[in-house]
Structures are given as structure tokens and as C-alpha cells.
Amino acid sequence: MRLEEKAKFVTAHGLVVTTPADHHPPAESWKVICNGLSIPPGTYDYRVALVYAGHQVVKVILRATLMVDTQGHSGLYAVGGNAALTSMAVISKGVEITGYVTSYMGAYSRLHGDAWLSQIGMFGSFIALTDLFIDGSDVVLRFSNVAGTNQDLIVYGSGVSK
Amino acid sequence: MRLQDFVEHPSLHAALTGIGVDDHHIRPSNIETNNTSLVVPPLPAGPGVWDIAVPLDALVVVFSMRSILTTAEGGGKGGLNGIATRSSIEATTLSTSTTLIGWATGTYAAVYSKPAGALNLSHKMFSSLGDDISLTDAYLTLLTPFSRVLRLQFTNYAAANRTLNCWIEAQVFG
């Protein structure tokens, strides 16, 4: 392509007001399937490798195996950015707690200083989701096992990042 | 801009010749912020307005908010997920809150939709008392010809001033 043709092309698309960062990678969707992975006490990063680096936002809907009273499963919707400790989750439906009629719901914000993004025990005995963020070309779902022994992580779901 | 600058730019991106006008959209961005100081007067005074800066070209924002209103079970807080556009009549949210009627009745979820004519976009859960203030509107608007904001409007249903108290994560889709 000749020099002037290149210039014409760029002008026609208004590129003069954009930067290389505007040419970001396409969105990706992915699934989460973890049926009983033994994780030690403390934090455990479940990583999803993306095709592209440079994503800025991530969203997931995670499903646990705990049944709720409408015969569905408990779970949550969470959003995160490209840094830890800024994620937020709103539980769409929690588990029924014995002794009460109702099910549990709640919103959690790491920005606000919440320690968790879910109930402890939602994703396996003593296991909660504690953070969600993009790290390079990985999505990190950070779980915490608060028990003194290994516990089995059980989580399913879908996510999208862009 | 000089001619050579025009040409230099596309050389940074492979296969630029296969890109159309619509591919040059803005990069997604994640915005985390909070507001614990906005004083919202009671009705019939106007709503409290909280403007959050977004990219000028932003078209769609999804957002999640957390209040300090404790839900009935387990100590979780009320909050919502929502979608906002440049139209003030398109926002829709899914809220989780408490009935406030009694402990046994517990928590519940509700969907509010401006296209359906909803007066508010949330339960009354965003004041420093954990009650009284509702999210009423959420849309993208120009502040100046060069700056755009996500405008959140809050209505105070109490009899006296209330202070807003909420945390938000807003994600600009494009």
C-alpha cells in the first residue's frame, strides 16, 4: 500500500483520536468446571488462561452445589477489574439455613473491605470466593479454604472478559 | 497530525486493513468508587446526583452496587446489578434486599426496569442508616462537550436529610 493510501485509510476511520490501547483484544467467554479439587488451607487461585492479554473487565456467574428451596442451586454473580481487591459480588440466591424459612442473599465488595465475595461453605466445605480479577492473560478466581485441612473445591459456571 | 504520524500508527497493529469503522471502539474499563458524603434532601426536593466520570465515547455501562443495609440472613448486605445506557428510560437492575417486615420473612430479590415504567431502580437501602434512599435513575450523559458521566440519581424517602452510603463497581462495555 502506498503511503498516501495508508494515510487516507486512517483518516477515514477517525484513528487520529485513538491510541494503540483502543485496539483492544476481543471479548472471550469461558467455563468453570471444578468438581472436587483438593485445595490446602489458605488461598487458592483458580486460573483461567485467556487467548488474549490486555483484558480490563471480567464477569462470572458461579454455581455451587448447595440446593436452595426452589430446587435450584446457590450461586453468585461477580464482577472484577484488572487488579485484586476491587471486585464485587451480589449473591443471586444463597443456601437455605436450617431453622429459617428464607434463603440467603447479600452483596459483597472488596473495595468496601469485605473479606469475602460469598458465604463460607458455598463452594465446598469451608471454601468461599474471596476475589476475582485479571492477571496478565489469566482470569483469577481466588478462593479461600478456612479449614485446617484440605477441602474439595466444587464450582461450576461461565464467565466473560473483555 | 503529520502524514507520517498517520502512517506510523497503523503499523503498530497487525492486519489493520481488515478493520472497519466499528472496530475502533473504546477499550473497556473498570471503575471502582464509593460515596459516603452526598447529602440527599427529602422529597419534594430534587434527587441527589452522583456523577461518575466515564470515557467520552461510552455507550453501555454495567454496574454493581453495595449498600450497608443488612439482609436478614447471614449478615450479607443489600445490593444490585444494573445496566445503564445513554437513555434515561433504559436502565434495569436486579436488587437483593430485605423485606424489613420481620426476621422470618428474610431476604428477597426484585427487578426494576425503566422500560416498564419503574419509579425507582432499587429498594430504599442506600442511606447511612441503611434505609430511606433509593437509586432512582442511572444513565450516561454529557457534562461538557468533552466529558461524559454515569449519572446516578437518588431519592430520599425520609422526612429529613440523609447521607448516601454505597460502593459501586461500574464497567464500561464500550
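Residues numbered from 1 in each chain as written. Chains lettered and ligands numbered in written order. Predicted model: local features only at pLDDT ≥ 70, side-chain atom pairs only at ≥ 80, totals over all residues.

1. Concerning the overall build of chain A
The helix and strand inventory of chain A stands at 1 helix and 9 strands. In chain A, which comprises 162 residues, the share counted as buried stands at 38%. (Helix = DSSP H or I, 4+ residues; strand = E, 2+ residues; numbered from the N terminus. Buried ≥ 20, exposed ≤ 12 C-beta atoms within 10 Å, placed from the backbone.)

2. Points about the sheet that holds strand β8 (residues 138-145) of chain A
Residue and element names in this part refer to chain A. The strand order across the open sheet built from 3 strands is β2-β8-β7, with neighbouring strands paired in antiparallel fashion. Among the strands making up the open sheet, the edge pair consists of β2 (42-49) and β7 (127-135). Neighbouring strand axes in the sheet, compared pairwise and without regard to direction, differ in orientation by 20° on average. One ladder, built from 8 bridges, connects β7 with β8; its direction is antiparallel. Among the inter-strand pairings, L129 is bridged to a residue of β8, identified as F143. (Pairing = 2+ DSSP bridges. Axes fitted to C-alpha atoms, helices over the stretch in contact; angles between N-to-C directions.)

3. Section: the sheet that holds strand β8 (residues 133-144) of chain B
All names here are of chain B. In spatial order, the strands read β3-β9-β8; together these 3 strands make up an open sheet with antiparallel pairing. Each edge of the sheet is formed by a strand with only one pairing partner; in this case those strands are β3 (48-54) and β8. This sheet shows a mean twist of 25° between the axes of neighbouring strands, independent of strand direction. The pairing of β8 with strand β9 (residues 147-156) spans 10 bridges and is classified as antiparallel.

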